[in-house]
Amino acid sequence: MYKYGFQNYFEANFTAFYPEVMKSGHWINVYLTFEYSKDTMLPADLTDPSALVVFDLEGEVQDFIVHDEGVDSEYKFTETEKKRLLDFITQQNLI
């Protein structure tokens, strides 16, 4: 993850995911809380990260959003993290 402007860059090593899927209008929202390895060092201004992955009704990804304490944060996922999130969602047939 990284903060806008590529500040506080780090790669989270996810070890477990806990999904919740909600359909709303034209969107499928997949909320993911997760655990990460002990070697993942969170920056001080990111206390409880989670993910919202937004899909359209055809199953195409529209956005990856980093939440902190349940709300949008200034952080973004790296391409590697996005791939891991999407791989989990696909493997679990969540959408």
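Note: the structure precedes this text.
Residues numbered from 1 in each chain as written. Predicted model: local features only at pLDDT ≥ 70, side-chain atom pairs only at ≥ 80, totals over all residues. Heavy atoms only, no water.

Asks: Mind laying out the pairing of strand β5 (residues 61–68), listing which residues take part and the relevant values?
Replies: In this structure, strand β4 (residues 49–56) lies alongside β5, joined through seven bridges in antiparallel fashion. Of the residues in β5, the one forming a bridge with P49 is D68. The loop that links β4 with its antiparallel partner β5 comprises four residues; one of these, G59, has a positive phi angle of about 90 degrees. The hairpin formed by β5 and strand β6 (residues 71–72) contains two residues between the paired strands, and E69 there has a positive phi angle of roughly 55 degrees. (Pairing = 2+ DSSP bridges. Helix = DSSP H or I, 4+ residues; strand = E, 2+ residues; numbered from the N terminus.)

Asks: Which residues make up unusual backbone geometry, and what values go with them?
Replies: The phi torsion at E69 lies on the positive side, around 55 degrees, for a residue other than glycine. With respect to the helices, strands and loops of the structure, E69 is situated in the loop between β5 and β6. Looking at E69, the relative accessible area reads 59%, which means it is exposed. Backbone geometry places N93, a non-glycine residue, at a positive phi of 50 degrees. On the basis of relative accessible area, N93 is assigned to the exposed category, the value being 63%. (Buried < 20%, exposed > 50% of the residue type's maximum accessible area, 1.4 Å probe, protein only.)

Asks: So what's going on with the pattern of salt bridges? Which residues, and what values?
Replies: Taken as a whole and judged by the stated rule, the model has four salt bridges. Note that K3 and D45 form a salt bridge whose closest N and O atoms lie 2.6 Å from each other. One end of the pair, K3, is in strand β1 (residues 2–3); the other, D45, is in the loop between β3 (27–36) and β4, and 42 residues separate them in sequence. The exposure class assigned to K3 is buried, which follows from its relative accessible area of 16%. (Salt bridge = Lys/Arg side-chain N within 4 Å of Asp/Glu carboxyl O.)

Asks: Describe the side chain of D56, and please don't skip the residues or the numbers.
Replies: Position of D56 relative to the elements: it lies in strand β4. Buried and unpaired, D56 has K23 as its nearest opposite-charge partner, separated by 11 Å. Only 2.9 Å separates the side chain of D56 from the backbone nitrogen of E60, close enough to count as a polar contact. For D56, the side chain forms a polar contact with the side chain of Q62, separated by 3.2 Å. Beyond its immediate chain neighbours, meaning those up to four positions away, D56 contacts H26, W27, I28 and Q62. (Lys, Arg positive; Asp, Glu negative; His and termini not counted. Polar contact = N/O pair within 3.5 Å; in protein donor to acceptor, adjacent residues only side chain to side chain. Contact = heavy atoms within 4.5 Å.)

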